[in-house]
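Residue-level listing of the chains:
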Amino acid sequence: KFKKLNIFVLGELIIDKYCFGNVIGKSGKEPHLVLKENKTEYYLGGSAAVARHISSFVNKVDILSPFGFEKYYNKIIKQNFSNNIKKNFFKPYLDYQTITKTRFVDKISGYKLFGSYVLPEKLEVNFEQYVKKIIQKKKNKIDMFIVCDYGHNFISKNIAIEVMKSKKMISLNAQVNSANIGYHSINKYNGISSLIINENELRQELRDNKSDLQSLTKKIMLEKNIKNIIVTCGTLGAILVNEKFKVFKCPAFAKKTIDKVGAGDTMLAIASMGFKLKLDPELILFMSSLAASISVESIGNKESVTVEKIDRMMEYVLK
């Protein structure tokens, strides 16, 4: 059933750059740590990670994202994208650089010491027409949209409206991160089929850090006309609330959390397909939680979720 789906992924492609090394101590002249770099690895993150996860399950997946067309990043995409991923990349302005998030990691402890990001300026309005034309062209050939909105000035209100006008199923992950905290919101989305959000993001969205989780979930579903929602709660697992406000719970399966980067995107990819096929809510939550555990047990988006991995994990857990 998954194979029959044609999915369109809309969102910012992100390159996750990890610089591993050993902390050799405090600088002799200034109050900061010094890291001796040993190796650097690059992983496909953001919408590219979502498309990569999905590609093992379906026959075809489209991805639309701004991209700087840097030679080295082109090479990484070519090495990691399977043939059934159709790339719709564009350069919003002449000197646009691909969003790159660099993390400096202590090799021994695995702790992230520092982050350095390459982020775009506010994108010019004229690129909106190009994006809207692609959406209009593709909408009748696809089964659903998966929207990855990381708040980096790509998905404007007009683009969000164009997606919603398509009348296709829409699954959303609108993340709060260090670059957008305080102003990023899901306000431009209304009437979507499913939302993946973590508890902190939900509480920030509703400006409420005291109410119980289930009442907050119901509140946002009513306000934004959301049919299904999954709220992730870290080591406490996740809950799914369907359109009848029935609550389903699932524990976290990861034995050891190495890196939480990409876990939400992994859950988004698997859960979205499950919602489209109208699978049992418990099965959707179970499968997507297993997928998230694969993500957090490896660095960044290094490992992609595949049909085989999910199948093996389900067989192991259910024995």
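Everything below is about the structure shown above.
The text that follows walks through the structure, step by step, so that each part is easy to find. (Residues numbered from 1 in each chain as written. Predicted model: local features only at pLDDT ≥ 70, side-chain atom pairs only at ≥ 80, totals over all residues. Heavy atoms only, no water.)

**A short note on the packing of helix H8 (residues 281-296) against helix H9 (residues 307-317)**
Argument step 1. Remark: H8 packs on H9, axes separated minimally by 10 Å, with the N-to-C direction vectors making an angle of 110°. Classified by the angle between their axes, H8 and H9 sit roughly perpendicular to one another. On H9, the residues that touch Leu-283, Phe-286, Met-287, Leu-290, Ala-291, Ser-293 and Ile-294 of H8 are Lys-309, Ile-310, Met-313, Met-314 and Val-317.
Argument step 2. Taken together, the residues of the contact of H8 with H9 break down into 10 nonpolar, one polar and one charged. (Axes fitted to C-alpha atoms, helices over the stretch in contact; angles between N-to-C directions. Helix = DSSP H or I, 4+ residues; strand = E, 2+ residues; numbered from the N terminus. Parallel < 35°, antiparallel > 145°, perpendicular 65-115°, else oblique. Contact = heavy atoms within 4.5 Å. Nonpolar A, V, L, I, M, F, W, Y, C, P; charged D, E, K, R; others polar.)

**Notes on a positive patch on the surface**
Argument step 1. Residues Lys-60, Lys-78, Lys-86, Lys-87, Lys-137 and Lys-141 make up a contiguous surface patch of positive charge.
Argument step 2. You can see Lys-86 is positioned in strand S5 (residues 85-90). (Patch = residues over 30% accessible without salt bridge, like charges linked within 9 Å, V, L, I, M, F, W, Y side chains within 5 Å. Areas by Shrake-Rupley, 256 points an atom, 1.4 Å probe, with all protein chains shown as cover. Salt bridge = Lys/Arg side-chain N within 4 Å of Asp/Glu carboxyl O. Lys, Arg positive; Asp, Glu negative; His and termini not counted. Charge placed at Lys NZ, Arg CZ, Asp CG, Glu CD.)

**Describing the sheet that holds strand S8 (residues 144-149)**
Argument step 1. Taking strand neighbours across the sheet as the criterion, the nine strands line up as S5-S4-S1-S8-S9-S10-S11-S12-S13 in an open arrangement whose pairing is mixed. Both outer strands of the open sheet, S5 and strand S13 (247-250), are each paired with one neighbouring strand and no more. Taking each pair of neighbouring strands and ignoring which way they run, the sheet shows an average axis angle of 15°.
Argument step 2. As judged from the five bridges shared by strand S10 (residues 194-198) and strand S11 (residues 228-232), these two strands associate in the parallel manner. Counted as the bridge partner of Ile-197 is Val-231 from S11.
Argument step 3. Sitting on the sheet, helix H3 (residues 127-138) is in contact with strand S1 (6-11), strand S4 (60-66), S5 and S8, with an inclination near 160° to S5.
Argument step 4. Where helix H7 (residues 263-276) meets the sheet, its contacts fall on S1, S8, strand S9 (169-174), S10, S11 and strand S12 (238-241), and the angle it forms with S9 comes to roughly 165°. (Pairing = 2+ DSSP bridges.)

**Examining unusual backbone geometry**
Argument step 1. For Lys-167, which is not a glycine, the phi torsion comes out positive at approximately 65°.
Argument step 2. Relative to the helices and strands, Lys-167 resides in the loop between helix H4 (157-165) and S9.
Argument step 3. By relative accessible area, Lys-167 is classed as exposed at 75%.
Argument step 4. In the Ramachandran plot, Asn-225 falls in the positive-phi region, its phi being about 55° despite a non-glycine side chain.
Argument step 5. Positionally, Asn-225 belongs in the loop between helix H6 (213-224) and S11. (Buried < 20%, exposed > 50% of the residue type's maximum accessible area, 1.4 Å probe, protein only.)

**Brief notes about helix H5 (residues 199-206)**
Argument step 1. For H5, the complete set of buried residues consists of Glu-201, Leu-202, Arg-203, Glu-205 and Leu-206.
Argument step 2. On its buried face, H5 sits against S9, S10, H6 and S11.
Argument step 3. Two to three positions downstream of the cap, the backbone nitrogen of Asn-200 sits 3.1 Å from a side-chain oxygen, assigning the N-cap of H5 to Asn-198.
Argument step 4. Phi turns positive one or two residues past the end of H5, at Arg-207, with a value near 55°. (Polar contact = N/O pair within 3.5 Å; in protein donor to acceptor, adjacent residues only side chain to side chain.)

**Some remarks on the pattern of salt bridges**
Argument step 1. For the structure shown, the criterion picks out nine salt bridges.
Argument step 2. Lys-188 is paired through a salt bridge with Asp-149; the nearest N and O atoms lie 3.1 Å apart. Taken together, the residues Lys-188 in the loop between S9 and S10 and Asp-149 in strand S8 connect sequence positions 39 residues apart.
Argument step 3. Assessed through its relative accessible area of 1%, Asp-149 is described here as buried.
Argument step 4. A salt bridge links Lys-309 to Glu-303, with the nearest nitrogen and oxygen atoms 3.1 Å apart.
Argument step 5. Members of the salt-bridge network, linked through shared partners, are Lys-39, Glu-41 and Lys-302.

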